[in-house]
Amino acid sequence: MQRIAIIDIGSNSARLVISHLYKNGAYNMVYNQKEALRLSQKVNAQNLLTEEAFSSTIETMKSFAYMCKIYQADKTIAVATAAIRNSQNGAELVACVAEETGIQLHIISGNTEAYFSYLGVINTLNVKDGIIFDLGGGSTELILFKDRKILETVSLPIGAVNTTAMFNTRNVMPPNVYSDVSFFIMSRLDQYPWIKQAGLPLIGVGGTARTVAKIIQRSKKYPATKIHNYAYTMQVYRDFFNKLRSTNLEQRKKISGLSSERSDIILAGSSIIRCLLEATGAPKLITSGCGLREGLFYDYYSKSFKVPLIAPDILARSRENMLKLYEKTDSTHARHIAHLALSMFDSWKELHGLRQSYRRLLETAALLHDIGITINFYSHARHSAYMIQNAKLFGLTHKEQLITAAIAGWHNGISKSYFKDRFYKDMLTEENWATINKLALLLALAESLDYTETTQIHIIQPTLNKKSALLKLYAQGVPSIEMHQIKGHLSWFKKAFGVDLTVELATEK
């Protein structure tokens, strides 16, 4: 096992993330630390980082170095962005950090920062075309991608911290100041005509984008706390911003979802987003909880395990990571169950009447339906549901992830009472529950067909006629336990689909 530490010294804050990287290729985060530095505010008139900037950065890096030692990090990747990159004495600060802590900070260019932010987004969001903005304290990186490939990048020296200082918007933003801020930002955006991409989503990375999403979620009483892959329309953003513009600092400190350490720079930061929405013509904004640090991780991971830098299928990669993390799960059994369940889904389309998009939810639930065994075998279906609900399953919307969790949670039978918390109650409709019932039944049938986990039934042939459904089984020997188990689901089948299911053991094929 390797322990990888990634450090990002930004213009507003510094972060340390430590992840475990296992021999089988699995990975997971085990530590996260954030410190507010505000380096963009600690630069003098000569564009030199002040003594306070040096002392606070070195103190923070000593703390990070200590935690890297505690966690026995095998590899430390540390980068510095806009504030240090743009200052006259950034290299001097890097040298002091190395001398005091032993950590070598690498000052990366704006385009390199944009590239790694893109890697973090493209490996965790199921978006084919879009414009990414990574809004930090001292700069904003813009990335246009189509067909998941970068076409254009630019780094602009406009961030939440330095724009706040430039226009003195720490407390309030009167109309005339907002006009000046907008003109300042738009005049710079106008220099890059490729930004105008009407119809493409705008994807927000960074603390300001996450904070705005959190405030909007709280105002709408969104039942989840997940920020990654949370989307909202341009009109929703306009309504949020118009309300925010009328507040002062003390009022903003009381806004749910807005931390006190960000309440003084949120006006400038959200003004930048407002201008980006206007300049791009984006109909909606998608929030990404992944960016630079995740991009640095995926870069290291791909080189270490010789896997594609950009995952061909982000859902498949995150599912595989979960299977590898929970090694107590029999992955051969899980894959066989998925194969059986998908065979029924594909052959009985006329019966279940569900959209093709549900196929990947069923596949995900089938592959992960037993991971709860790592907690406790008893009630492991419920444990699996909870783990799926809270896992980093990239490529699914929040609602799709809930549906997937419920499918897995029902594979031992219907138990709607378990899914009574607010997240399920507010997010899923009765139509969703009817869909979950059908898909969970297919998973339950598949589980019954490999109850002994011996793959004795290796081929199934589901067919359909006007009066009933037929499931022909091809097995090595007589799968008596599986045949007994599947009988327990015949009444559920009749209730869900309105027809009888006939199970037939065929001659070996």
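Residues numbered from 1 in each chain as written. Predicted model: local features only at pLDDT ≥ 70, side-chain atom pairs only at ≥ 80, totals over all residues. Heavy atoms only, no water.

> What should I look at first to understand the environment of Asn111 in this one?
Relative to the assigned elements, Asn111 resides in helix H4 (residues 110-122). Separated by 41 residues in the primary sequence, Asn111 and Glu152 have C-alpha atoms spaced 9.8 Å apart. In this structure Asn111 touches Thr153, Val154 and Ser155, once residues within four positions along its chain are discounted. (Helix = DSSP H or I, 4+ residues; strand = E, 2+ residues; numbered from the N terminus. Contact = heavy atoms within 4.5 Å.)

> How should the sheet that holds strand S7 (residues 140-146) be read in this particular structure?
Whether parallel or antiparallel, the strands of a sheet pair through hydrogen bonds between backbone atoms. Taken in spatial order, the 6 strands make up an open sheet running S8-S7-S6-S9-S11-S10, and their pairing is mixed. Both edges of this open sheet fall to strand S8 (149-156) and strand S10 (230-233), since each of them pairs with a single strand only. Each neighbouring strand pair of the sheet contributes to a mean axis angle of 20 degrees, computed without reference to strand direction. Contacts from helix H7 (residues 207-219) reach strand S6 (130-135), strand S9 (202-205), S10 and strand S11 (284-287), with the element oriented near 75 degrees to S10. (Pairing = 2+ DSSP bridges. Axes fitted to C-alpha atoms, helices over the stretch in contact; angles between N-to-C directions.)

> How do you make sense of empty space enclosed by the protein when you look at a structure like this?
Gaps left between atoms are located by rolling a probe of water-molecule size over the structure's atoms. Enumeration according to the criterion identifies 2 cavities of 30 Å³ or more in this entry. Its boundaries defined by the atoms lining it, the largest cavity holds a volume of some 400 Å³. Lining the largest cavity are 32 residues, and of these Asp8, Asp134, Gly136, Gly206 and Arg293 lie nearest its centre. Here the residues of the lining of the largest cavity are counted per class, giving 8 nonpolar, 15 polar and 9 charged. (1 Å grid on protein atoms, 1.4 Å probe; cavity = no way out; pocket = protein on both sides within 12 Å on 5 of 7 lines; lining within 4 Å. Points joined across faces, edges and corners; volume = space filled by probe spheres on them. Nonpolar A, V, L, I, M, F, W, Y, C, P; charged D, E, K, R; others polar.)

> Can you help me understand the layout of surface pockets in this one?
Its volume calculated, the largest pocket comes out at about 1,000 Å³. Lining the largest pocket are 41 residues, with Thr225, Lys226, Ile227, His228 and Gly289 sitting closest to its centre. Counting only elements with at least two residues in the lining of the largest pocket, the list comes to strand S2 (13-21), strand S3 (27-36), H7, helix H11 (292-305), helix H16 (380-390), helix H17 (398-409) and helix H18 (422-427). When residues of the lining of the largest pocket are assigned to their parent elements, the largest contribution, 6 residues, is made by H7. Of the volumes computed, that of the second largest pocket is approximately 520 Å³. For the second largest pocket, the lining is made up of 23 residues, of which Tyr27, Asn28, Met29, Asn321 and Lys392 are closest to its centre. Of all elements in the fold, only S2, S3, H11, helix H12 (314-325) and H16 reach the threshold of two or more residues within the lining of the second largest pocket. Each residue belonging to the lining of the second largest pocket can be placed in one class, and the counts come to 14 nonpolar, 6 polar and 3 charged.

> Would you mind going over unusual backbone geometry with me for this structure?
Leaving glycine aside, a negative phi is the common case for residues, and trans is the common case for peptide bonds. One non-glycine residue, Gln72, lies in the positive phi region at around 55 degrees. With respect to the secondary-structure elements, Gln72 resides in the loop between helix H1 (51-70) and strand S4 (75-80). A positive phi angle, near 50 degrees, is found at Thr455, a position not held by glycine. Structurally, the position occupied by Thr455 is in the loop between helix H19 (430-448) and strand S12 (457-464). With relative accessibility at 30%, the residue Thr455 sits in the partly exposed group. (Buried < 20%, exposed > 50% of the residue type's maximum accessible area, 1.4 Å probe, protein only.)

> What is the right way to look at the pattern of salt bridges in this model?
Side chains that carry opposite charge are capable of pairing whenever their charged atoms lie near each other. Tallying each qualifying case throughout the model produces 20 salt bridges. By sharing partners, the salt bridges in this structure join Arg38, Arg170 and Asp264 into a single network. (Salt bridge = Lys/Arg side-chain N within 4 Å of Asp/Glu carboxyl O.)

> Would you mind showing me how to read the pairing of strand S1 (residues 2-9) here?
Along any regular strand the residues' side chains alternate between the sheet's two faces. With 7 of 8 residues buried, S1 is to be regarded as a mostly interior element. By the bridge criterion, 8 bridges tie S1 to S2 in an arrangement that is antiparallel. Paired with Arg3 across the bridge in S2 is His20. Between the antiparallel neighbours S1 and S2 lie 3 residues. Bridge count between S1 and S4: 6 bridges; the pairing is parallel.

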